[in-house]
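One letter stands for each residue in the lines below.
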Amino acid sequence: MIPYGRQDITQADIDAVTEVLRSDFLTQGPVVPRFERAVAEYCGAKHAVAVNSATSALHIGCLALGLGSGDWLWTTPITFVASANCALYCGAQVDFVDIDPRSYNLSTDALEEKLKIAEREGRLPKVVVPVHLCGQPCEMERIHELGQRYGFAIIEDASHAVGGRYKDGPVGDCRFSDITVFSFHPVKIVTSAEGGMALTNDAALAERMALLRSHGVTRDPALMTHEADGPWYYQQIDLGFNYRMTELQGALGLSQLDRLDAYVARRHALARRYDTLLADLPVTIPWQHPDGYSGLHLYVVRIVRDRVGANHRDIFMALREQEIGVNLHYIPVHTQPYYQHMGFKTGDFPEAEAYYTEAISLPMYPTMSEEQQDRVVVSLERALSQ
């Protein structure tokens, strides 16, 4: 089986983790702060807060921005459910903005139209979460302009996009957002096994997220309500969570970061080769916006339905039967039973639903060989012609 994605673990990674295992710290020590500083420096952001998953980063990011009961968060329906669930964790409500038919990211035209209606109805969002699907940056400058006009905060869900660039700056520099979130899950561009990170240029947001990731507990005298009882003393000053990243994860992530640019470059080489090999097949290859340089976490093709005899499911299953580990990113969130119980229904976001009936994520990862890629293409051609 050729998987759709997989991690690359080197001897340097193993040595880095082994060094931590032999050290005095396994949970909270010096390595995680080093990882935070390295990612912040790479992205050109002022602050970084490492956590145990990107979902946790989204959650504490929403809380730090004050999202709560009576508020709205808007995001795209083509994303993993975490991009929407983070609002529900805070007691807020969720709505969606349909996707752009070329980039598959949140449509800025649809966003602007929805904001005009929401302003008239008095239910503007407090937070908008654009998702850089497959690693391709959203049109962040325009989203930021709309945020300034309509008064919403922005969390970039860049779980797919570490190593990417937008308008000559790194994804994660937070030029056009309040917070940017990365994922370091094993199938992502670099991994810390599990893990995530929230970046920001706002010191107050960083301080609050750091507090929330660790039970709301502090040892900082400046944050306490009175002088410490002794050197053992700490205070819980907020209701937080156990979202900390371990030293083992930090060491692996820090080691992987050394290869980030090489990994992204290799993904681009594979994508260019796919573009050429698939040019004559009845599929739509990914379109790349000229303002961005994608992290290329995923390579998604869309079946041109009027040019093939088989349906989407049959093509997908034919690939799996040939041991090509294709996947589908993502099922539109508003069609999930949990969200349908809230009142969302099929037909609400037609571009997202059309995408779902055509999209297939082909295998792509840095250690993938050209021979494996050729096999994927031959298998796809066979599946399309059945």
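Look a little higher up for the structure.
Predicted model only: the values in this text are computed from it and were never measured.

Asker: How should I be thinking about the overall build of the protein chain in this particular structure?
Answerer: Counting secondary structure elements, the protein chain contains 13 helices and 17 strands. Computed over the C-alpha atoms, the radius of gyration of the protein chain is 22 Å, within 12% of the 21 Å expected from 2.2 N^0.38 for a compact globule of 386 residues. Within the protein chain, the proportion of its 386 residues that are buried is 56%. When contacts within the protein chain are restricted to residue pairs at least 6 apart in sequence, those whose partners lie at least 24 apart make up 73%. As displayed, the protein chain offers around 16700 Å² of accessible surface, 50% of which is attributable to carbon and sulfur atoms. Across the protein chain, the mean location of the 34 positive side-chain charges is 2 Å away from that of the 49 negative side-chain charges.

Asker: Any chance you could explain the packing of aromatic side chains here in plain terms?
Answerer: Evaluation of the coordinates by the stated rule reveals 11 aromatic pairs. Measuring from ring centre to ring centre gives 6.0 Å for Phe 96 and Phe 349, while their planes differ by 75°; the resulting arrangement is edge-to-face. Within this pair, whereas Phe 96 is found in strand E4 (residues 93-96), its partner Phe 349 is found in the loop between helix H11 (337-340) and helix H12 (350-356), the two being separated by 253 residues in sequence. Look at Phe 96 and you get buried, because its relative accessible area is 0%. The exposure class of Phe 349 is buried, given its relative accessible area of 7%. Taken together through their ring pairs, the aromatic side chains of Phe 96, Tyr 338, Tyr 339, Phe 344 and Phe 349 make up a single cluster. Lying across the ring of Trp 74, Lys 114 places its NZ or CZ 5.5 Å from the centre.

Asker: Looking at this model, I keep getting lost on the sheet that holds strand E17 (residues 359-362). Mind explaining?
Answerer: Strand pairing in a sheet takes place through backbone hydrogen bonds and is either antiparallel or parallel in direction. Read from one edge to the other, the open sheet built from three strands follows the order E13-E15-E17, with strand pairing classed as antiparallel. Here the strands that pair on one side only, and so sit at the sheet edges, are strand E13 (283-284) and E17. In terms of strand pairing, strand E15 (residues 299-303) meets E17 through four bridges, oriented antiparallel. When the sheet's bridge partners are listed, Val 300 is paired in E17 with Ser 361.

Asker: I keep staring at the side chain of His 329 and nothing clicks. Help me out?
Answerer: Mapped onto the elements, His 329 comes out in the loop between strand E16 (324-325) and H11. Residue classification places His 329 among the buried positions, given a relative accessible area of 6%. Within the local environment of His 329, its side chain forms a polar contact with the side chain of Ser 361, the two groups lying 2.7 Å apart. In contact with His 329, not counting residues within four places along its chain, are Tyr 4, Ile 78, Leu 298, Tyr 355 and Ser 361.

Asker: Mind showing me how you'd approach the environment of Thr 79 here?
Answerer: Structurally, the position occupied by Thr 79 is in the loop between strand E3 (72-75) and helix H4 (82-89). When the C-alpha positions of Thr 79 and Tyr 104 are compared, they lie 10.0 Å apart, and in sequence the two are 25 residues distant. Apart from residues lying up to four places away in sequence, Thr 79 is in contact with Val 131, Asp 157, Tyr 330, Ile 331 and Val 333. Within polar-contact distance, the side chain of Thr 79 engages the side chain of Ser 83 at 2.7 Å.

Asker: Is there a simple way to think about the pattern of salt bridges in this case?
Answerer: Think of it this way: side chains of opposite charge can pair up when their charged atoms draw near. Applying the stated criterion across every chain yields a total of 19 salt bridges. The partner of Asp 95 in a salt bridge is Lys 114, and the shortest N-O contact between them spans 3.2 Å. In this pair, Asp 95 is assigned in strand E4 and Lys 114 in helix H5 (residues 108-121), connecting sequence segments 19 residues apart. Judged by relative accessible area, which is 7%, Asp 95 ranks as buried.

Asker: Please clarify how the sheet that holds strand E7 (residues 165-166) should be interpreted in this entry.
Answerer: With respect to topology, three strands assemble into an open sheet ordered E8-E7-E14, the strand pairing being antiparallel. Edge positions in the sheet fall to strand E8 (169-170) and strand E14 (292-293), since each has one partner strand and no second. In the sheet, E7 pairs with E14 via two bridges, with the strands oriented antiparallel. Paired with Tyr 166 across the bridge in E14 is Gly 292.

Asker: How do you make sense of the packing of helix H3 (residues 54-64) against helix H7 (residues 203-212) when you look at a structure like this?
Answerer: The relative placement of two packed helices comes down to the angle between their axes together with the axis-to-axis distance. Between H3 and H7, whose axes approach to 9 Å, the crossing angle comes to 125°. With respect to each other, H3 and H7 are oriented oblique. Like other packed secondary-structure pairs, H3 and H7 cross with a definite hand, here right-handed. On H7, the residues touching Ile 60, Gly 61, Leu 63 and Ala 64 of H3 are Leu 205, Arg 208, Met 209 and Leu 212. Counted by class, the contact of H3 with H7 contains six nonpolar, one polar and one charged residues.

Asker: What is the right way to read unusual backbone geometry from this model?
Answerer: Leaving glycine aside, a negative phi is the common case for residues, and trans is the common case for peptide bonds. In this structure, Tyr 330 follows His 329 across a cis peptide bond, with omega equal to 10°. Tracing the chain through its elements places Tyr 330 in the loop between E16 and H11. Although it is not a glycine, Ala 193 sits at a positive phi angle of roughly 80°. Its location among the elements puts Ala 193 in the loop between strand E9 (179-183) and strand E10 (196-200). Here Ala 193 falls in the partly exposed class, since its relative accessible area comes to 38%.

Cut-offs used in this document
- Residues numbered from 1 in each chain as written.
- Predicted model: local features only at pLDDT ≥ 70, side-chain atom pairs only at ≥ 80, totals over all residues.
- Heavy atoms only, no water.
- Helix = DSSP H or I, 4+ residues; strand = E, 2+ residues; numbered from the N terminus.
- Rg over C-alpha atoms; globule rule 2.2 N^0.38 Å.
- Buried < 20%, exposed > 50% of the residue type's maximum accessible area, 1.4 Å probe, protein only.
- Contact = heavy atoms within 4.5 Å.
- Areas by Shrake-Rupley, 256 points an atom, 1.4 Å probe, with all protein chains shown as cover.
- Lys, Arg positive; Asp, Glu negative; His and termini not counted.
- Charge placed at Lys NZ, Arg CZ, Asp CG, Glu CD.
- Phe/Tyr/Trp six-rings, centres within 6.5 Å; stacked < 30°, edge-to-face > 60°.
- Lys NZ or Arg CZ within 6 Å of the ring centre and 35° of its normal.
- Pairing = 2+ DSSP bridges.
- Polar contact = N/O pair within 3.5 Å; in protein donor to acceptor, adjacent residues only side chain to side chain.
- Salt bridge = Lys/Arg side-chain N within 4 Å of Asp/Glu carboxyl O.
- Axes fitted to C-alpha atoms, helices over the stretch in contact; angles between N-to-C directions.
- Parallel < 35°, antiparallel > 145°, perpendicular 65-115°, else oblique.
- Left-handed = near helix turned anticlockwise from the far one by under 90°.
- Nonpolar A, V, L, I, M, F, W, Y, C, P; charged D, E, K, R; others polar.

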